[in-house]
Amino acid sequence: MHDEENAPLPPAEARPHGEGVFDAWLAQASTRARDPLSIEAAKPYRHVWNSWLRSLQAHVDASGTHQLSVAWHDATPADVLAFLDYNRDGRRAGTKITDVTRRRYWRVLDRVYAFAQAQRWTASNPAQDLSEKETPPSENHLAVILSTPMWRAAIDSIPSEFEEDLIATRNRAVLLALFHLGLTPQEVREMPTTAVLRERRADTPALGPIRALQLDGPGPNQRRKLEVPAELADALTQWMIVRRTYLKARTLPTLFCSKRGGAITPNTLLHLVKSNLQLAANRVNAGVLPPRAGPQVIRNTRLVLWLNDGVPAAEVAIRAGLKNIKGLGHLREVVNPGIRHTLSHGRDDDDLWDKLTPEA
């Protein structure tokens, strides 16, 4: 009987190059029956893998030692550790990447090498060959949420009156979408104008009022229609009126944009949310912001409010665009005790991928 595990590996020239092995892994991941990975969603994974390949090229390390190039299939656990600890461009000298980021980078290597090992392209998985102490710890995803006074003050800090200014009108619509619907930062930035659904009336060709947002993310549950309350519908209506007055914005497919015509950036969104939360903190919390003060804390709080108000966890997961209620596991310590057991299984490591964009 032929023992495939003991069979010799093919020669190096018969194996795919570094980018090729990632492409092969992605081809498989994109066709799996459960939660297929799209090319767009895989961009941060490719970014990490390409950084890994660059780290294997000849270079001088931090100690001044000349390191020779290493083929991807000959990489060792020591190479993985050096990669995980390397100071990325733009970080201050002498600092290390966080354990959360190290875990996410390690997870990309682990997945691709596990695939390559199954294809007999490499003898081992160097990410799995790290000791337990060396392997980046699993992420602790207990959520940060806003207190009830902070939540109310933050909503009260959103301007309520219509202003004929692109940025002010956009910001009002963005903030209300975050607070009312608990959207992800990526959904806010990438939402197309076609996501806005209006009521159609049989007696007139004119479009009726805005009723919902249609979100079509790559995951099965990310494709969903969310009804919008009157306040958000009004803000979106005002935004789309003002948006049409800016020529550069007219041809842009994304709903929220800048005066220059580009899509709203991660840093712009983060600054907008922080500014809003700072106003709220000044009112009720002596100016002290929560440990995290970006779009995610608004999303977390919105989901918790739904859960605490009695919305079934499965329905909240659908509204949030999550695969299942495991995606709500990080909220288990901040929901009412009565529903804590439902979320006790935590969340999948797969649900935690951050697009490597700023998030405080």
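Residues numbered from 1 in each chain as written. Predicted model: local features only at pLDDT ≥ 70, side-chain atom pairs only at ≥ 80, totals over all residues. Heavy atoms only, no water.

Moving on, we come to the environment of Asp216. By secondary structure assignment, the location of Asp216 is in strand β4 (residues 207-216). Classification of Asp216 as exposed rests on a relative accessible area of 56%. Residues Asp216 and Met191, spaced 25 residues apart in sequence, show a C-alpha to C-alpha distance of 8.7 Å. For Asp216, the side chain forms a polar contact with the side chain of Gln214, separated by 3.1 Å. (Helix = DSSP H or I, 4+ residues; strand = E, 2+ residues; numbered from the N terminus. Buried < 20%, exposed > 50% of the residue type's maximum accessible area, 1.4 Å probe, protein only. Polar contact = N/O pair within 3.5 Å; in protein donor to acceptor, adjacent residues only side chain to side chain.)

Here we come to helix α8 (residues 230-243). The end-to-end C-alpha separation of α8 is 20 Å, in line with the 20 Å expected for 14 residues at 1.5 Å each. Listed in full, the buried residues belonging to α8 are Leu232, Ala233, Ala235, Leu236, Gln238, Trp239, Met240, Val242 and Arg243. Where α8 is buried, its residues contact α6 (166-181), β3 (196-200), β4 and α9 (247-250). (Expected span 1.5 Å × (residues − 1). Contact = heavy atoms within 4.5 Å.)

Turning our eyes to something else, we now look at the packing of helix α11 (residues 295-308) against helix α12 (residues 313-320). Close contact between α11 and α12 brings their axes to 9 Å; oriented N to C, the two are set at 150 degrees. Here α12 runs roughly antiparallel to α11, going by the angle between their axes. Relative to α12, α11 is oriented so that their crossing is right-handed. Contact residues: α11 offers Arg299, Leu303, Trp306 and Leu307, while α12 offers Ala313, Val316, Arg319 and Ala320. The residue makeup of the contact of α11 with α12, split by class, is 6 nonpolar, no polar and 2 charged. (Axes fitted to C-alpha atoms, helices over the stretch in contact; angles between N-to-C directions. Parallel < 35°, antiparallel > 145°, perpendicular 65-115°, else oblique. Left-handed = near helix turned anticlockwise from the far one by under 90°. Nonpolar A, V, L, I, M, F, W, Y, C, P; charged D, E, K, R; others polar.)

Applying the stated criterion to the full structure yields 6 salt bridges. Across the pair Arg224 and Glu187 runs a salt bridge whose closest N-O atoms are separated by 2.9 Å. Remark: Glu187 occurs in helix α7 (residues 185-190) and Arg224 occurs in strand β5 (residues 223-227); sequence separation between them is 37 residues. Residue Glu187 is classed as buried on the basis of its relative accessible area, which comes to 13%. Salt-bridge contacts for Arg211 lead to Glu199; the nearest nitrogen and oxygen are separated by 2.8 Å. Residue Arg211 is located in strand β4, and its partner Glu199 is located in strand β3; the two are separated by 12 residues in the primary sequence. (Salt bridge = Lys/Arg side-chain N within 4 Å of Asp/Glu carboxyl O.)

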